[in-house]
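Take a look at the letters that make up each chain.
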Amino acid sequence: MNEKEWLAARFETDRPRLRSVAYRVLGSMAEADDAVQEAWLRVTRSDASEVENMSGWLTTIVARVSLNMLQSRKSRREDLVDAPETDHADHRETESADPEQEALLAESVGAAMFLILDTLTPAERLAFVLHDMFTVPFEEIAPIVDRTPAAARQLASRARRRFQRQGVRPEDVEAAAKTPPTPPAPEETADTEGSQVGKADFVHAFLTASREGDFEALLSILAPDIVVRADQAAVRMGMATGIGLATGAGLTEEMRGADAVTRAFSKLSWAPVPALIDGSAGLAYVRDGVPHAVFRFDIAEGVITNIDIRADLTGLDIVILN
């Protein structure tokens with residue numbers, strides 16, 4: 001076996017771990033595979049003869065590629081801030097729902113953990129994933145995120161505090177890292193609309209299209225016969241929730257049809273934030289750190305079928321993810 005063949009065999013041995021690292025950083029099976037493939041191309045162009053810790057070296061390469069992809073992905077969105085040196089939170093880019101990918105995310109990370117990961121900056125996410133999920137030392141993480149080991153430790157610590165505030169236990173993080181990202185068999189299907197990760201994608205797509213005034217994008221994710229209902233407390237709040245700003249009409253108890261809903265929600269200057277409402281992905285209208293209204297979504301057959309707006313928050317368990 002020549003050196004190239006040995007290196008290829010060694011890479012294949014580490015591929016499951018490398019794929020897991022990329023998957024946790026990027027949250028996308030397709031992108032994880034792209035990152036691993038790009039890492040292999042970089043490996044073939046490098047001199048590995050002096051490498052003492054092959055697994056560590058390969059992990060570093062995949063981590064660098066994944067970080068670049070994550071930063072590039074977020075920089076393409078004008079409404080996201082990609083600034084690793086700050087503490088501002090990002091939100092996940094809206095992507096086309098991949099049933100296998102969403103099912104895997106729901107199973108291996110869990111809805112709450114996945115949503116929290118998406119509130120981290122790229123550098124925080126990478127530092128947390130590498131250290132807390134894959135026990136990579138901060139001395140090795142530091143050059144990847146262009147920080148000192150102490151600064152890399154702070155990145156992971158900030159991420160860890162966010163998880164702790166949301167009640168995610170260290171053992172949950174360990175379990176997520178140990179779950180291999182193996183795609184389901186081709187004959188298996190995933191009910192992405194039923195998973196909270198899949199729902200989070202639809203909620204984020206709705207919020208993004210609404211903010212950007214993308215009429216077609218908003219229309220495409222709404223069922224033709226969608227129904228928006230608001231309780232009396234929300235109706236009394238009226239303009240405070242942001243509903244009706246595009247049409248000049250106030251919020252009513254019921255609104256029907258994709259066209260009417262799209263006109264009402266398009267080009268709004270509102271700022272709800274992602275939230276878990278009774279454990280389900282949704283949005284919350286927050287003022288001075290206090291939720292005043294929530295938006296709950298029903299998803300079926302790849303579209304939003306119902307939106308429930310409530311300002312009477314009695315009995316609701318609301319976790320703000322921003």
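Conventions and cut-offs
- Residues numbered from 1 in each chain as written.
- Predicted model: local features only at pLDDT ≥ 70, side-chain atom pairs only at ≥ 80, totals over all residues.
- Heavy atoms only, no water.
- Pairing = 2+ DSSP bridges.
- Helix = DSSP H or I, 4+ residues; strand = E, 2+ residues; numbered from the N terminus.
- Axes fitted to C-alpha atoms, helices over the stretch in contact; angles between N-to-C directions.
- Parallel < 35°, antiparallel > 145°, perpendicular 65-115°, else oblique.
- Left-handed = near helix turned anticlockwise from the far one by under 90°.
- Contact = heavy atoms within 4.5 Å.
- Nonpolar A, V, L, I, M, F, W, Y, C, P; charged D, E, K, R; others polar.
- Buried < 20%, exposed > 50% of the residue type's maximum accessible area, 1.4 Å probe, protein only.
- Salt bridge = Lys/Arg side-chain N within 4 Å of Asp/Glu carboxyl O.
- Bend = angle between axes of the 7 residues up to and from the residue.
- Core = buried A, V, L, I, M, F, W, Y, C linked by side-chain atoms within 4.5 Å.
- pLDDT = per-residue confidence, 0-100.
- Phe/Tyr/Trp six-rings, centres within 6.5 Å; stacked < 30°, edge-to-face > 60°.

Digging into the sheet that holds strand E4 (residues 280-287)
Part 1 of the reasoning: Sheet architecture is open: 7 strands sit in the order E2-E1-E6-E5-E4-E3-E7, paired in mixed fashion. Only two strands of the sheet have a single neighbouring strand rather than two, namely strand E2 (254-256) and strand E7 (318-320). Averaged over all pairs of adjacent strands, the angle between their axes in this sheet comes to 25 degrees, without regard to strand direction.
Part 2 of the reasoning: Across 3 bridges, the pairing between strand E1 (residues 222-230) and E2 is antiparallel. Among the inter-strand pairings, Val228 is bridged to a residue of E2, identified as Met255.

What about the packing of helix H1 (residues 3-26) against helix H6 (residues 122-133)?
Part 1 of the reasoning: Direction vectors running N to C along H1 and H6 enclose 140 degrees, while the axes themselves pass 9 Å from each other. As judged from the angle between their axes, H1 and H6 are oblique. In the crossing of H1 with H6, the sense of the turn from one axis to the other is right-handed. Touching Val21, Arg24, Val25 and Leu26 of H1 are Arg125, Leu126, Val129, Leu130 and Met133, all from H6.
Part 2 of the reasoning: The residue makeup of the contact of H1 with H6, split by class, is 7 nonpolar, no polar and 2 charged.

Things to note about unusual backbone geometry
Part 1 of the reasoning: One non-glycine residue, Asp146, lies in the positive phi region at around 60 degrees.
Part 2 of the reasoning: Relative to the helices and strands, Asp146 is located in the loop between helix H7 (138-144) and helix H8 (149-165).
Part 3 of the reasoning: For Asp146, a relative accessible area of 66% corresponds to the exposed category.
Part 4 of the reasoning: Phi is positive for Asp288, close to 55 degrees, though the residue is something other than glycine.
Part 5 of the reasoning: With respect to the secondary-structure elements, Asp288 resides in the loop between E4 and strand E5 (290-300).
Part 6 of the reasoning: Judged by relative accessible area, which is 79%, Asp288 ranks as exposed.

A look at the pattern of salt bridges
Two side chains carrying opposite charge are able to pair once their charged atoms lie near each other.
Part 1 of the reasoning: As enumerated under the stated definition, the model contains 12 salt bridges in all.
Part 2 of the reasoning: Ionic contacts of the salt-bridge type, sharing partners, join the residues Glu38, Arg42 and Arg45 into one network.

Structural notes on H1
Part 1 of the reasoning: Along H1, the sharpest change in direction is near 50 degrees and occurs at Arg15; proline Pro16 comes one to four residues later.
Part 2 of the reasoning: Within the span of H1, buried status applies to Leu7, Phe11, Asp14, Leu18, Arg19, Ser20, Val21, Ala22, Tyr23, Arg24, Val25 and Leu26.
Part 3 of the reasoning: Following H1 by one or two positions, Gly27 has its phi on the positive side, about 70 degrees.

With respect to the nonpolar core
Part 1 of the reasoning: Phe11, Val43, Leu126, Leu130, Ile141 and Val145 are the most contacted members of the largest nonpolar core, which totals 51 residues.
Part 2 of the reasoning: When residues of this core are traced back to their parent elements, those giving at least two are H1, helix H2 (29-44), helix H3 (54-75), helix H5 (111-117), H6, H7 and H8.
Part 3 of the reasoning: Filtering out sequence-adjacent residues up to four positions away, Val43 remains in contact with Leu7, Phe11, Trp57, Leu58 and Ile61.
Part 4 of the reasoning: Ranked by size, the runner-up nonpolar core spans 29 residues in total, among them Ala234, Ala293, Phe297 and Ile307.

Overview of the confidence of the model for the chain
For residues with low pLDDT, the predicted coordinates do not support detailed interpretation.
Part 1 of the reasoning: On average, residues of the chain carry a pLDDT of 75, and 70% of them reach 70 or more.
Part 2 of the reasoning: No element of the chain has a lower mean pLDDT than helix H4 (residues 99-108), which averages 47, and none a higher one than H7, which averages 94.
Part 3 of the reasoning: Taken together, the stretch residues 76-97 has pLDDT below 50 and engages in 67 contacts with residues farther than four places along the chain or on a different chain.
Part 4 of the reasoning: Considering only residues more than four positions removed or in separate chains, one finds that residues 102-109, a stretch of pLDDT under 50, has 29 contacts.

As for the pairing of strand E3 (residues 273-277)
The side chains of a regular strand alternate between the sheet's two faces.
Part 1 of the reasoning: A large share of E3 lies buried, amounting to 5 of its 5 residues.
Part 2 of the reasoning: Every second residue of E3 is oriented toward a common face, with Val273, Ala275 and Ile277 on one face and Pro274 and Leu276 on the other, all of them buried.
Part 3 of the reasoning: From the end of E3 to the start of E4, which pair antiparallel, there are 2 residues, and Asp278 there has a positive phi angle of about 50 degrees.
Part 4 of the reasoning: With 3 bridges joining them, E3 and E7 adopt antiparallel strand pairing. Of the residues in E7, the one forming a bridge with Leu276 is Val319.

Looking at the packing of aromatic side chains
Part 1 of the reasoning: Applying the stated criterion to the full structure yields 4 aromatic pairs.
Part 2 of the reasoning: Taking 5.1 Å as the distance between ring centres and 55 degrees as the angle between the ring planes, the aromatic pair formed by Phe11 and Trp40 counts as tilted. Of this pair, Phe11 sits in helix H1 while Trp40 sits in helix H2, placing them 29 residues apart in sequence. In terms of burial, Phe11 and Trp40 fall into one category: buried.

Considering the side chain of Thr59
Part 1 of the reasoning: Among the structural elements, Thr59 can be located in helix H3.
Part 2 of the reasoning: Classification of Thr59 by relative accessible area gives buried; the value is 5%.
Part 3 of the reasoning: Sequence-distant contacts of Thr59, defined by excluding residues within four places in its chain, comprise Arg17, Leu18, Val21, Leu130 and Val136.

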